[in-house]
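Fold and geometry: a report
Letter by letter, the chains look like this.
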Amino acid sequence: MVANIDYFERKLDDKRRLTIPTELRDEFSSGVVITRGFGKYLHMYPQITWDREVEPALNGSILDETVANLNVRFRRGKTDVLLDDKQGRVTIEQHLLEYAGIDRELVAVRAGAYWRIMNPELET
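Okay, so let's go over this structure. From a predicted model like this one, the values you see are computed outputs, not experimental measurements. (Residues numbered from 1 in each chain as written. Predicted model: local features only at pLDDT ≥ 70, side-chain atom pairs only at ≥ 80, totals over all residues. Heavy atoms only, no water.)

1. What about the layout of surface pockets?
- As a volume, the largest pocket reaches approximately 180 Å³.
- Lining the largest pocket, in full, are Phe 38, His 43, Tyr 45, Thr 49, Glu 53, Val 54, Ala 57, Leu 58, Leu 70, Phe 74, Ala 113 and Tyr 114.
- Elements represented by at least two residues in the lining of the largest pocket include exactly strand S4 (42-46), helix H1 (47-58) and helix H2 (65-75).
- A total of five residues in the lining of the largest pocket trace back to one element, the largest contributor, which is H1.
- Taken together, the residues of the lining of the largest pocket break down into nine nonpolar, two polar and one charged. (1 Å grid on protein atoms, 1.4 Å probe; cavity = no way out; pocket = protein on both sides within 12 Å on 5 of 7 lines; lining within 4 Å. Points joined across faces, edges and corners; volume = space filled by probe spheres on them. Helix = DSSP H or I, 4+ residues; strand = E, 2+ residues; numbered from the N terminus. Nonpolar A, V, L, I, M, F, W, Y, C, P; charged D, E, K, R; others polar.)

What follows is the structure in structure tokens.
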């Protein structure tokens, strides 16, 4: 069951860990995939969503430049992590934070089956 939360704000801790709200932890129980987004923000997917929806979309023709470009965008810096069982945290790699211009504060907004993670001061 998907929780009825579509937005949250957080501060990363000193180890670049994002605490997922308690109400959303079941959604990410399969694991978390974090990638670059279409713009200067990140995408955060439940592992099950990545496996069922994103991976098949990235498996197009080997000669299709659009598919190749999507693979580069979403696989460059892609991380697969598990939630910390006790506090529901995931670590976001420094290079991804730099890409999105995130220092410590961030906002996360549900964008359908995934979450957009961004600097609260930047427009999308």
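2. Let's talk about the pattern of salt bridges
- Per the stated rule, a full pass over the model turns up nine salt bridges.
- Where Glu 105 meets Lys 11, a salt bridge forms, and the shortest distance between an N and an O atom there is 3.9 Å. Of this pair, Glu 105 sits in strand S7 (residues 105-111) while Lys 11 sits in strand S1 (residues 7-11), and the two are 94 residues apart along the sequence.
- One salt bridge connects Arg 89 with Asp 13, and the closest N-O pair in it is separated by 3.9 Å. Of this pair, Arg 89 sits in strand S6 (residues 89-91) while Asp 13 sits in the loop between S1 and strand S2 (17-19); the two residues are 76 residues apart in sequence, bridging distant segments of the chain. (Salt bridge = Lys/Arg side-chain N within 4 Å of Asp/Glu carboxyl O.)

3. Digging into the nonpolar core
- Grouped together as the largest cluster of nonpolar side chains are 23 residues, with contacts concentrated most on Leu 18, Leu 42, Met 44 and Ile 92.
- Breaking this core down by element, the ones donating at least two residues are strand S3 (32-36), S4, helix H3 (94-100), S7 and strand S8 (114-118).
- Broken down by element, this core gets its largest block of residues, four residues, from H3.
- Excluding its chain neighbours within four sequence positions, the residues that come into contact with Met 44 are Phe 8, Leu 18, Ile 20, Phe 28, Val 32, Val 33, Ile 34, Tyr 114, Trp 115 and Ile 117.
- Of all hydrophobic cores here, the second largest spans seven residues; its members include Val 33, Tyr 45, Leu 58 and Tyr 114. (Core = buried A, V, L, I, M, F, W, Y, C linked by side-chain atoms within 4.5 Å. Buried < 20%, exposed > 50% of the residue type's maximum accessible area, 1.4 Å probe, protein only. Contact = heavy atoms within 4.5 Å.)

4. A closer look at the pairing of S4
- With five of five residues buried, S4 lies mostly within the body of the structure.
- Neither face of S4 is exposed, since Leu 42, Met 44 and Pro 46 on one face and His 43 and Tyr 45 on the opposite face are all buried.
- In this sheet, S4 lies alongside S3 in antiparallel orientation, the contact comprising five bridges. By the bridge assignment for S4, Ile 34 is matched with Met 44.
- Hairpin remark: S3 followed by S4, antiparallel, with five residues in the connecting loop.
- Sheet topology places S4 next to S8; three bridges connect them, and they run antiparallel. Bridge assignment links Met 44 to a residue of S8, and that residue is Trp 115. (Pairing = 2+ DSSP bridges.)

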